[in-house]
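Each chain is listed here by its residues.
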Amino acid sequence: MYDAPNTELHVTQNDIKIAARKVQVYYGDTHAIKDVDVDIEDKTVTAFIGPSGCGKSTFLRCINRMNDTIDICRVEGDIQIDGEDIYDKRVDPVQLRAKVGMVFQKPNPFPKSIYDNIAYGPKIHGLAKNKADLDEIVEKALRRGAIWDEVKDRLHAPGTGLSGGQQQRLCIARAVATEPEVLLMDEPCSALDPIATAQVEELIDELKQNYSVVIVTHSMQQAARVSQKTAFFHLGHLVEYGETGKIFTNPEDTRTESYITGRIG
Amino acid sequence: MPLLWLFLIVLAIAAVGYVLGRSRALQSAGGDSRDLHSLPSYYGTNVAMKAAVPAFLLMLVWLLVQPLYINTVISGAIPDSAISDGANLGLVMSEVRRTAEGLDALVAAGEMTEAFARSARADLGDITQRLQDAGQIVTSEVTQPILRAAQDYRVMNATGSLLMSGAVIVLSLAGLLWGLRESQAAFRARNVVEAGVRALLIAAASIAILTTIGIVLSLVFNTIEFFRLYPASDFFFGLEWAPSFSGRGGSSELGVIPLLWGTFYISIVALLVAVPIGLFAAIYLSEYASRRVRGIAKPMLEVLAGIPTIVYGLFALLTVGPLLLSVFGREGLGWMQAGTAVMTAGIVMGIMLIPFVSSLSDDIINAVPQAMRDGSYGLGATKSETIKQVVLPAALPGIVGAILLAASRAIGETMIVVLGAGAAARLSLNPFEAMTTVTAKIVSQLTGDADFASPEALVAFALGMTLFVITLGLNVFALYIVRKYREQYE
């Protein structure tokens, strides 16, 4: 499916990759996400924007069931990826996370070599038949992460020794190496300087040819630059969802307009 | 004047100084504390510090120097003829001190007048009798030179403490006046007090360091003394440990190798028990256990660390030893002769070390950033894959540090060895044989009736020094690794 011809696709023509209906999330007694319905398209960058604490990261973490690792967190409702309910009892969250990759706010390379950082996912999922195969996967992932040229001569140096921007691209490459179908990014540029941010944004734009990318961001400019669809969250509600251009120029909801123009947030 | 009174007087002067300094500073500012450089209490503290600290320092130095000085003077005055055969100056001096204390006690009890205690010359038998009747420890008969020396000793002591009291009080008052003169609005009392606090903290830190140096020195001198009597090469490379029991030297074999071997063998068995159990317990507690289970299990595990080692020794002697004997002994596999063996001590010592390993490792595993785990889970790794491939490698240096600390604890352990491993120094590979360690032998060498100046007793110091160097090395290495690890995540 990744070999689809590289023609420019119109976003509206894409298939629905993730469908969420009536999603509720509770942290203990706190109702963090209320009644969220959203359809996220394949081969599209979807941005989640909203003020801090509005639940956009929480919702993102529902899509790969990362919230399962938090004891007090409870998810209700229905999230389907390719028509399959990911909260079904038969679904193994571990398998799901291999299919739905995630990149975190702060670059978190493992204290291993660059090579081992990338090879980690493929190894635990048995994606490589032999060493040569693994080398190929690592190189491919690093190329997709747009960091191959910078690290190809020091693959066995520790990943923690890279600069912040390089580390984040390494983490993206690491997520890509397991051949996910969806890539979730939780404020991937918030710890990076503008140059590294530009590199990562460029990378996101390339990644959408193969993946459905969902990105949480606090930067409206970033959302406008990289995404085709934007969802605005406020106080646990999904307030507005639509074409990025429309959300930023002609929002329907007054709350969206206030946030975008800087009156709330 | 008793020391306690002097101490209280200086404290009282300091307290008065505090009140005076505070009010004088306030006065100089016309009663408005906002015009002072520092808060009023700082001026008071400044005066109190100046009244107390130099006085106490003088007192301390005086108390250290006075006995040395008196000792020198008195022992110089004792004629050589007073030192009988087989005795030395030290023995005579302690006799002098005992006599002086006896006289002090008699005067205090009202059985002897001060004048008599000072001037009695004639009837030595009578004095000896009276001292003995009063329950004072003196030898058969107080001789003339000893009595005279004891009387001089008493007089010098009394003069010395009187002089000291005077000097300390004068110095304290001088400090008070100095502090009061300074108590003006513009004086930076706060900075002075700050420097005082700093000095106090430095003093506390240096006491700890000086004590360590003192311990090492006390070992070093006796160790050097031992090597003068016994060749170092025989000590370090000798394969046999067989001190002669006569206590008069002669044909002792004091090779350290069997003891070091026993120490390491038992420690290795202990670590083989403690490291897997402790580490797995730590992983369970930090990664798998719910908050409630952890809240109950962790303190319970740490109770193990609070059990006195002698109790572990009893456990080894009464429970583990017989248990092992029933399996590996004559009725079972026939490898074991008696309950005391390397295995017995090693297993019990391992149990003792579990909380060390688990508690330290638990803290270290918890210090691995959650982002590492999230990154691994986000790639579809399971919990145990995450722990094995990400958390443990990240925590490894710290865990190694914890294990090394446990190891140095195992090497220094004594009680469990005495009760669990026996007392036979032996070079053997069989873990079911009795062996012994360096520490256990230090105890037995020093508690025997060997002459203290003989190599059989002095070897204890050489053993202690060897052990000290080994555990110090292990600790330094462990701390180095732990510190290196800390740098990794900010």
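None of these values were measured; they are calculated from a predicted model.

### Quick word on the overall build of chain B
(1) Moving on: Across its full length, chain B carries 17 helices and two strands.
(2) Moving on: For a compact globule of 490 residues, the expected C-alpha radius of gyration is about 23 Å, and chain B comes in at 32 Å, more than 25% above that figure.
(3) Moving on: Principal-axis analysis of the C-alpha atoms places the extent of chain B at approximately 85 × 75 × 40 Å.
(4) Moving on: The buried share among the 490 residues of chain B stands at 42%.
(5) Moving on: Sequence-distant contacts in chain B: of pairs separated by 6 or more residues, those separated by 24 or more amount to 72%.
(6) Moving on: Of the roughly 25,200 Å² of accessible surface on chain B, 67% is carried by carbon and sulfur atoms.
(7) Moving on: Of the side-chain charges in chain B, 31 are positive and 34 negative, and the distance between the mean point of each set is 12 Å.

### Notes on the pattern of salt bridges
(1) Moving on: Scanning the model with the defined rule gives 25 salt bridges over all chains in all.
(2) Moving on: Notably, a salt bridge pairs lysine 152 of chain A with aspartate 149 of chain A, separated by 3.8 Å at the nearest N-O pair.
(3) Moving on: With relative accessibility at 39%, the residue lysine 152 of chain A sits in the partly exposed group.
(4) Moving on: The shortest N-O distance in the salt bridge between arginine 225 of chain A and glutamate 201 of chain A comes to 2.6 Å. Placement of arginine 225 of chain A in helix H8 (residues 220–226) and of glutamate 201 of chain A in helix H7 (residues 194–207) is noted, with a sequence separation of 24 residues between them.
(5) Moving on: Arginine 225 of chain A sits in the exposed class, given a relative accessible area of 51%.
(6) Moving on: Look at the salt bridges and you will find they share partners, linking Arg294, Lys298, Asp362 and Asp363 of chain B into a network.

### Quick word on the sheet that holds strand S4 (residues 73–81) of chain A
All names here are of chain A.
(1) Moving on: In spatial order, the strands read S2-S1-S4-S5; together these four strands make up an open sheet with antiparallel pairing. Single-partner strands in this sheet number two, and they are strand S2 (30–41) and strand S5 (84–85).
(2) Moving on: Pairing geometry for strand S1 (residues 16–27) and S2, over eight bridges, is antiparallel. By the bridge assignment, alanine 20 is partnered in S2 with valine 38.

### Quick notes on the UniProt feature "domain: ABC transporter" (unreviewed entry) in chain A
(1) Moving on: Mapped onto the present numbering, the UniProt feature "domain: ABC transporter" (unreviewed entry) falls on residues 18–260 of chain A.
(2) Moving on: Each end of residues 18–260 of chain A is marked by a C-alpha atom, and these two atoms are 26 Å apart; helix forms 38% of the span and strand 27%.

### Overview of the domain arrangement of chain B
(1) Moving on: Along its sequence, chain B is carved into domain 1 (3–187), domain 2 (189–229) and domain 3 (241–486).
(2) Moving on: Look at where the C-alpha atoms of domain 1 of chain B and domain 3 of chain B centre, and you get two points 48 Å apart.

### Things to note about the side chain of serine 258 of chain A
Residue and element names in this part refer to chain A.
(1) Moving on: Structurally, the position occupied by serine 258 is in helix H10 (residues 254–260).
(2) Moving on: For serine 258, a relative accessible area of 15% corresponds to the buried category.
(3) Moving on: Of the polar contacts made by the side chain of serine 258, one reaches the backbone oxygen of threonine 254; its length is 2.8 Å.

### What about the environment of glycine 255 of chain B?
Residues and elements named next belong to chain B.
(1) Moving on: With respect to the helices and strands, the residue glycine 255 is situated in the loop between strand S2 (253–254) and helix H9 (257–288).
(2) Moving on: Judged by relative accessible area, glycine 255 falls into the buried class, the value being 0%.
(3) Moving on: With 21 residues separating them in the primary sequence, glycine 255 and aspartate 234 have C-alpha atoms 6.0 Å apart.

### Topic: the packing of aromatic side chains
(1) Moving on: Throughout the structure, instances matching the rule amount to 14 aromatic pairs over all chains.
(2) Moving on: Across from the ring centre of tyrosine 26 of chain A, 4.4 Å away, lies the NZ or CZ of arginine 74 of chain A, which sits over that ring.
(3) Moving on: One residue, lysine 50 of chain B, lies across the ring of tryptophan 178 of chain B, its end atom 4.4 Å from the ring centre.

### As for helix H14 (residues 383–412) of chain B
(1) Moving on: With 30 residues, H14 of chain B should cover 44 Å at 1.5 Å per step; its first-to-last C-alpha distance of 37 Å lies more than 12% under that length.
(2) Moving on: Largest kink in H14 of chain B: about 60°, centred on leucine 396 of chain B, with the proline proline 397 of chain B one to four residues after it.

### Observations concerning the interface of chain B and chain A
(1) Moving on: At the junction of the two partners, chain B supplies 19 residues and chain A supplies 22 residues.
(2) Moving on: Between chain B and chain A, the buried area comes to about 1,600 Å², and carbon and sulfur atoms account for 63% of it.
(3) Moving on: Applying the counting rule to chain B against chain A returns zero salt bridges.
(4) Moving on: The interface formed by chain B and chain A contains five residue pairs in polar contact (both at pLDDT 80 or more).
(5) Moving on: Counting only elements with at least two residues in the side of chain B that touches chain A, the list comes to helix H13 (370–378) and H14 of chain B.
(6) Moving on: Residue contributions to the side of chain B that touches chain A peak at seven residues, all from H13 of chain B.

### What to know about the pairing of strand S9 (residues 229–234) of chain A
Residues and elements named next belong to chain A.
(1) Moving on: Within S9, six of the six residues are buried, which leaves it mostly tucked inside the rest of the structure.
(2) Moving on: Residues Lys229, Ala231 and Phe233 line one face of S9 and the alternating positions Thr230, Phe232 and His234 line the opposite face, and both faces are buried.
(3) Moving on: Sheet topology note: the strand S3 (residues 45–49)/S9 ladder contains four bridges and is parallel. By the bridge assignment, isoleucine 49 is partnered in S9 with phenylalanine 232.
(4) Moving on: The pairing of S9 with strand S10 (residues 237–243) spans six bridges and is antiparallel. Following the sheet pairing, histidine 234 is matched in S10 by histidine 237.
(5) Moving on: Counting the residues that bridge the hairpin from S9 to S10 gives two residues, and of these leucine 235 lies at a positive phi of roughly 50°.

### Here we look at a nonpolar patch on the surface
Residue and element names in this part refer to chain B.
(1) Moving on: Taken together, the side chains of Val303, Ile307, Ile310, Val311, Leu314, Leu317, Leu318, Met415 and Val418 present a nonpolar region at the surface, about 700 Å² in accessible area.
(2) Moving on: Sorting the residues of the nonpolar patch by element identifies helix H11 (309–328) and helix H15 (415–420) as the ones contributing at least two each.
(3) Moving on: Considering each element in turn, the nonpolar patch owes the most residues, five residues, to H11.
(4) Moving on: Looking at the element boundaries, leucine 317 is found in helix H11.
(5) Moving on: We classify leucine 317 as partly exposed; its relative accessible area is 38%.

### What to know about the nonpolar core
(1) Moving on: Of all hydrophobic cores here, the largest spans 80 residues; its most connected members are Phe226, Phe235, Met349, Leu353, Ile365 and Leu463 of chain B.
(2) Moving on: Ranked by residues supplied to this core, first place goes to H14 of chain B with 14 residues.
(3) Moving on: Discounting chain neighbours no more than four positions away, the residues touching phenylalanine 226 of chain B are Phe235, Leu254, Pro455, Leu458, Val459 and Ala462 of chain B.
(4) Moving on: In terms of nonpolar packing, the next biggest core, distinct from the first, is built from 32 residues, Val25, Ile33, Val38 and Leu238 of chain A among them.

### Topic: the packing of H9 of chain B against helix H10 (residues 291–306) of chain B
The packing of two helices is summarised by the inter-axis angle and the distance between the axes.
Residues and elements named next belong to chain B.
(1) Moving on: Remark: H9 packs on H10, axes separated minimally by 9 Å, with the N-to-C direction vectors making an angle of 150°. By the angle between their axes, H9 is roughly antiparallel relative to H10. Crossing geometry of H9 relative to H10 is assigned as left-handed. Seen from H9, the contacting residues are Ala281, Tyr284, Leu285 and Ser286; seen from H10, they are Val293, Arg294, Ala297, Lys298 and Leu301.
(2) Moving on: Of the residues assigned to the contact of H9 with H10, the class counts are six nonpolar, one polar and two charged.

The rules behind the values
- For every chain, the first residue of the written sequence is number 1, and numbering continues from 1 onward in sequence order.
- Labels follow written order: the first chain is A, the first ligand is 1, and so on.
- Since the coordinates come from a predicted model, pLDDT governs what is reported: local features require at least 70, and pairs of side-chain atoms require 80 or more to be given and counted, while whole-chain, interface and lining totals use all residues.
- Where side-chain values are given, they derive from all heavy atoms of the structure, hydrogens and water being excluded.
- The secondary structure listing takes helices from DSSP runs of H or I that are at least 4 residues long and strands from runs of E that are at least 2 residues long, numbered from the N terminus.
- Both definitions apply: the radius of gyration is a C-alpha atom measure, and the globule rule equals 2.2 Å times residues to the power 0.38.
- Between buried and exposed lies partly exposed: a residue is buried under 20% and exposed over 50% of the maximum accessible area for its type, with that area taken using a 1.4 Å probe on protein chains only.
- Contacts are residue-level and defined by heavy atoms, with any inter-residue pair within 4.5 Å sufficient.
- Each accessible area is a Shrake-Rupley result for a 1.4 Å probe, and residues are judged covered by the shown protein chains and nothing else.
- Only four residue types enter the tally: Lys and Arg on the positive side, Asp and Glu on the negative side, with His and both chain ends excluded.
- Taken as the charge centre is NZ of Lys, CZ of Arg, CG of Asp or CD of Glu, depending on the residue.
- Throughout this description, the term salt bridge denotes a Lys or Arg side-chain nitrogen within 4 Å of a carboxyl oxygen of Asp or Glu.
- Pairing between strands is defined by DSSP: at least two bridges between them are needed.
- UniProt positions are given in the numbering used here, feature names are shortened, and annotations may be inferred rather than shown by experiment.
- Reported domain spans reflect what an automatic or database domain assignment gives.
- Within 3.5 Å is the distance limit for a polar contact, defined as a pair of N or O atoms, with the added protein rule that one can donate a hydrogen and the other accept it, and that residues adjacent in sequence qualify only through two side-chain atoms.
- Geometry of aromatic contacts follows a simple scheme: Phe, Tyr and Trp rings, the Trp one being its six-membered ring, pair when their centres are within 6.5 Å, and the pair is stacked under 30 degrees between planes, edge-to-face over 60, tilted otherwise.
- Throughout this description, the term charge over a ring refers to an Arg CZ or Lys NZ atom that lies within 6 Å of the ring centre and within 35 degrees of the ring normal.
- By definition here, a helix of n residues has an expected span of 1.5 Å times n minus one.
- The angle between axes fitted to the seven-residue stretch ending at a residue and the seven-residue stretch beginning at it gives the bend at that residue.
- Here the quantity called buried area is the accessible surface, traced with a 1.4 Å probe, that two parts lose on coming together, added over both.
- For patch building, the residue pool is restricted to those with more than 30% relative accessible area and no salt bridge; the joining distance is 9 Å between like charges and 5 Å between nonpolar side chains (Val, Leu, Ile, Met, Phe, Trp, Tyr).
- In these notes, a set of buried Ala, Val, Leu, Ile, Met, Phe, Trp, Tyr and Cys residues joined through side-chain atoms within 4.5 Å is what counts as a nonpolar core.
- Working convention: axes come from line fits to C-alpha atoms, limited for helices to the stretch in contact. Angles between N-to-C directions cover 0 to 180 degrees.
- Roughly parallel means an angle under 35 degrees; roughly antiparallel, over 145; roughly perpendicular, 65 to 115; everything else is oblique.
- With the far helix as reference, a near helix turned anticlockwise by less than a right angle produces a left-handed crossing, and one turned clockwise produces a right-handed crossing.
- Under this grouping Gly is polar, as are all residues other than the nonpolar Ala, Val, Leu, Ile, Met, Phe, Trp, Tyr, Cys and Pro and the charged Asp, Glu, Lys and Arg.

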